[in-house]
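If you want the building blocks of each chain, they are given just below.
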Amino acid sequence: MKRATTKLITFSKITTSSTFISRNYSNQITTCSSSLISIDSNNSKQCTNPLKPCSNSKVLLYKPYKTHQFQNNPSQNYSTHVQIPSNLPSRQRKIKERSKIEEDFEAAKSAEEMLQAFKDMEAIFDESELGLACLKIGLQLDQEGEDPEKILSFANRALAVFDDVENDNENENKNSSSSLLPVAMTLQLLGSTNYDLKKFNDALGCLNRANKILGRLENEGKYSVNDIKPILHAVQLELANVKVALGRREEGLENLRKALEIKEFLMGEDSKEVGNANRDLAEACVSILNFKEGLVYCLKALEIHLGLLGTNSVEVAHDRRLLGVIYTGLEEHEKALEQNQLAKNVLKNWGRTSDLLRAEIDAANMHIALGKFEVAINTLKGVVQSTEKDSENRALILITMGKALVHQEKFADAKRCLEIASTVLDKKEKLKPLQVSEAYMEISMQYETMNEFEIAISLLKRALALLEKLPQEQHSEGSVSARIGWLLLLTGKVTQAIPYLESAAETLKESFGSKHFGVGYIYNNLGAAYLELERPQSAAQMFAVAKDIMDVSLGPHHIDSIEACQNLSKAYAAMKSYPIAIEFQQKAVDAWAGHGGSAEDELKEARRLLEQLKVQARGASSKDYPTKALPLPHSTDATRGLLPPQPSSAIARQSG
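Conventions adopted
- Residues numbered from 1 in each chain as written.
- Predicted model: local features only at pLDDT ≥ 70, side-chain atom pairs only at ≥ 80, totals over all residues.
- Heavy atoms only, no water.
- Helix = DSSP H or I, 4+ residues; strand = E, 2+ residues; numbered from the N terminus.
- Buried < 20%, exposed > 50% of the residue type's maximum accessible area, 1.4 Å probe, protein only.
- Contact = heavy atoms within 4.5 Å.
- Areas by Shrake-Rupley, 256 points an atom, 1.4 Å probe, with all protein chains shown as cover.
- Phe/Tyr/Trp six-rings, centres within 6.5 Å; stacked < 30°, edge-to-face > 60°.
- Lys NZ or Arg CZ within 6 Å of the ring centre and 35° of its normal.
- Salt bridge = Lys/Arg side-chain N within 4 Å of Asp/Glu carboxyl O.
- Axes fitted to C-alpha atoms, helices over the stretch in contact; angles between N-to-C directions.
- Parallel < 35°, antiparallel > 145°, perpendicular 65-115°, else oblique.
- Left-handed = near helix turned anticlockwise from the far one by under 90°.
- Nonpolar A, V, L, I, M, F, W, Y, C, P; charged D, E, K, R; others polar.
- Expected span 1.5 Å × (residues − 1).
- pLDDT = per-residue confidence, 0-100.

**Quick notes on the overall build of the chain**
1) Next: What the chain contains, in helices and strands, is 27 helices and 3 strands.
2) Next: In the chain, which comprises 656 residues, the share counted as buried stands at 57%.
3) Next: Counting contacts in the chain only where the partners sit at least 6 residues apart, residues at least 24 apart contribute 64% of the total.
4) Next: Here the chain displays about 27,700 Å² of accessible surface, and carbon together with sulfur accounts for 48% of that area.

Dropping the structure here:
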């Protein structure tokens, strides 16, 4: 099967074989970048997939103001024929030769045939006449999965020709909008190929330019929106891919939203494909722990698929399984179990063994979240025998079983499960680095719960080593680095902790923005580290940044915002700047008072510290003023087994 030009984003890390975004769209948008399809709104329902070529579709060709009937081969849907000026001398043989070469090129069905014909074209045609031919070859090479560098060479060559034409038009004050559509297609191809080559900044530049051109063409109205929208859809998906690879996940999510809007326009709001796209967007939301928004898209997907396919559909089962994950994230565990059971019933009916196994693991994690540890263990015992000894699935089952045993404080049994799982995963690091890194994170959390911090840190370092080789996992790399830093700080290895925390802060700022609450936790921990090293001025700077971030992202009355405020007071006290220290401690007292009876103990302690500062300001001395380091906690126990661990993002406060 030929691969699509558009490489699609894998936002969600949910361990499921439900259709991920990369799977969904790669079979649906295989021709966006190789043809400009205009979908007839009156006949689109006749196509099994309106974004694929079908008999009643039309395609825009790149001769100005002309259109031609759609051809069977999408890569032939624009003309590479060069119009010969009428005032040329009569050289019939030369004209026939050019015509024959053009016909051979147009008749070529494979990249190999195209390249053979193109050699003859190069001998006769000027470089300025070969732009479209280069674009066609690049698209065909991409469809056939050829070497990206080879694709890149033809795409760059095409763009150079088109840019020269554009410059000539501008110099002659001609309206050049009619020549911009092939430019946008070329840029989309360049963006896709640069993404494959991990040249993410180059890819982003090409795609942003393509997006700008398509927006201009859409606004000018010189082309039908049905000609522009499919290409724009592909560009939005590519932009989402690239931004995730650069760590800009929130921005990538916005591109996915735009892609969904375009797909609804092209295919109708109630098509199966739009249902899949809603589910994909829900998965993307879940991957950044935005469960509320994810719920909206997942319910829409379920509504569409139920209406079209009925309750016994595999698509509906995938919707329900994801819905279970979302409800777990929202701590609505009974609803989660209900959806999980409905999904399992369908998967069992269809014999989807692998999907069913993952759903059983989901169910076990839901039971753990509800405190039903024996039920969880029995569920896992019921499926472990159906897995191969050294399989990834068995490792996941053992990790979840270990988690349940940790909750029961059966630490010896838990360690045996986790050790076996680690042995299995060690053999799969090269084959599945991302999945193994996520599993190491989960195992590390269990050892952390058992106060086995050295083992927990060791596992996180192994996960970090794998993630550092995966540029698109920058956010996870930052999360793991932050966790290592916090554990080192917790175990008194302050000097070792600082580089991990500093690296995490920079990485996560790029991934989630400078005001994300996870970044605030890291700066708070950096402040605690500097204060421990008797560098109060540096500590105050870090605490001030942390407080600013938390006030914005969590609110000034959030318990961790208050802790950051108290830490800032401590730093100023260490510098003997007592008036400022008292000011911040008073703010902490006022904030705790706003919590009422639920924070009575915290308020009492805050008032004690305030009085202590006042005594110090009068010349007394006291060091009984603890600095509170804030962990970058795991997601809630309910979601940890269902989602990849993302400590920096899942900021449910952990008491420490």
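**So, the packing of aromatic side chains**
Two measures describe an aromatic ring pair: the distance that separates the ring centres and the angle between the ring planes.
1) Next: Under the criterion given, the structure shown has 3 aromatic pairs.
2) Next: Ring centres of tyrosine 572 and phenylalanine 584 lie 6.0 Å apart, and the angle between their planes is 10 degrees; on these two criteria the pair is classed as stacked. Here tyrosine 572 is found in helix H24 (residues 559-574), whereas its partner phenylalanine 584 is found in helix H25 (residues 578-593), with 12 residues between them in sequence.
3) Next: Between the NZ or CZ atom of lysine 229 and the centre of the ring of phenylalanine 265, over which it lies, the distance is 5.3 Å.

**Looking at unusual backbone geometry**
1) Next: Its identity is not glycine, yet leucine 289 carries a phi of approximately 65 degrees, on the positive side.
2) Next: By secondary structure assignment, the location of leucine 289 is in the loop between helix H10 (272-287) and helix H11 (291-309).
3) Next: The residue glutamate 534 is not glycine, and still its phi comes out positive at about 60 degrees.
4) Next: You can see glutamate 534 is positioned in the loop between helix H22 (517-532) and helix H23 (536-553).

**Structural notes on the pattern of salt bridges**
1) Next: In total, this model carries 33 salt bridges according to the counting rule given.
2) Next: The residue aspartate 362 makes a salt bridge to arginine 321 at a minimum N-O spacing of 2.4 Å. One end of the pair, aspartate 362, is in helix H14 (residues 353-369); the other, arginine 321, is in helix H12 (residues 314-329), and 41 residues separate them in sequence.
3) Next: By relative accessible area, aspartate 362 is classed as buried at 4%.
4) Next: Relative accessible area serves as the criterion here: at 5%, arginine 321 is assigned to the buried category.
5) Next: Each of Glu122, Glu127 and Arg157 takes part in a single network of salt bridges with overlapping partners.

**Things to note about the packing of helix H21 (residues 494-512) against H22**
1) Next: Contact pair H21 / H22: the axes reach a minimum separation of 9 Å and the direction vectors enclose 155 degrees. Classed by the angle they form, the pair H21 and H22 counts as roughly antiparallel. Read as a crossing pair, H21 and H22 show a hand that is left-handed. Of the residues in H22, those touching H21 at Val494, Ile498, Leu501, Glu502, Ala504, Ala505, Glu506, Leu508 and Lys509 are Val519, Ile522, Tyr523, Asn525, Leu526, Ala529, Tyr530 and Glu532.
2) Next: Grouping the constituent residues of the contact of H21 with H22 by class yields 12 nonpolar, 1 polar and 4 charged.

**Here's the deal with helix H7 (residues 200-220)**
1) Next: When the terminal C-alpha atoms of H7 are compared, their 30 Å separation across 21 residues agrees well with the 30 Å that a helix rising 1.5 Å per residue should span.
2) Next: Looking at the packing, one finds that the buried side of H7 touches helix H6 (180-196) and helix H8 (225-245).
3) Next: Note on H7: the residue one or two positions beyond its end, glycine 221, has a positive phi of about 70 degrees.

**Comments concerning the environment of glutamine 435**
1) Next: Position of glutamine 435 among the secondary structure elements: in helix H18 (residues 433-449).
2) Next: Considered as a pair, glutamine 435 and leucine 425 are 10 residues apart in the sequence and their alpha carbons are 9.1 Å apart.

**Description of helix H9 (residues 249-267)**
1) Next: If you check H9, its first and last C-alpha atoms are 26 Å apart, about what 19 residues at 1.5 Å a residue would give, namely 27 Å.
2) Next: If you check which residues of H9 are buried, you get Arg249, Gly252, Leu253, Asn255, Leu256, Arg257, Ala259, Leu260, Ile262, Lys263, Leu266 and Met267.
3) Next: A positive backbone phi angle near 90 degrees is found at glycine 268, which sits one or two residues after H9.

**Overview of the packing of H18 against helix H19 (residues 453-467)**
1) Next: Packing of H18 against H19 brings their axes to within 8 Å, and their N-to-C directions diverge by 165 degrees. The orientation of H18 relative to H19 falls into the category roughly antiparallel. Once H18 is placed against H19, the crossing between them reads as left-handed. Facing H18, whose interface residues are Pro433, Leu434, Val436, Ser437, Tyr440, Met441, Ile443, Ser444, Tyr447 and Glu448, H19 presents Phe453, Ile455, Ala456, Leu459, Leu460, Arg462, Ala463, Leu466 and Leu467.
2) Next: Of the residues that constitute the contact of H18 with H19, the class distribution is 15 nonpolar, 2 polar and 2 charged.

**Considering the environment of asparagine 365**
1) Next: As for its position among the elements, asparagine 365 is in helix H14.
2) Next: Each C-alpha atom of the pair asparagine 365 and histidine 333 lies 10.0 Å from the other, and the pair is 32 residues apart in sequence.

**Here we look at the confidence of the model for the chain**
1) Next: For the chain, mean pLDDT is 81; residues scoring 70 or higher make up 79% of the total.
2) Next: Note that pLDDT drops below 50 for residues 1-84; the model gives that stretch 249 contacts with residues more than four away or on any other chain.
3) Next: The model gives residues 633-656 a pLDDT under 50, and that stretch makes 84 contacts with residues more than four places away or in other chains.

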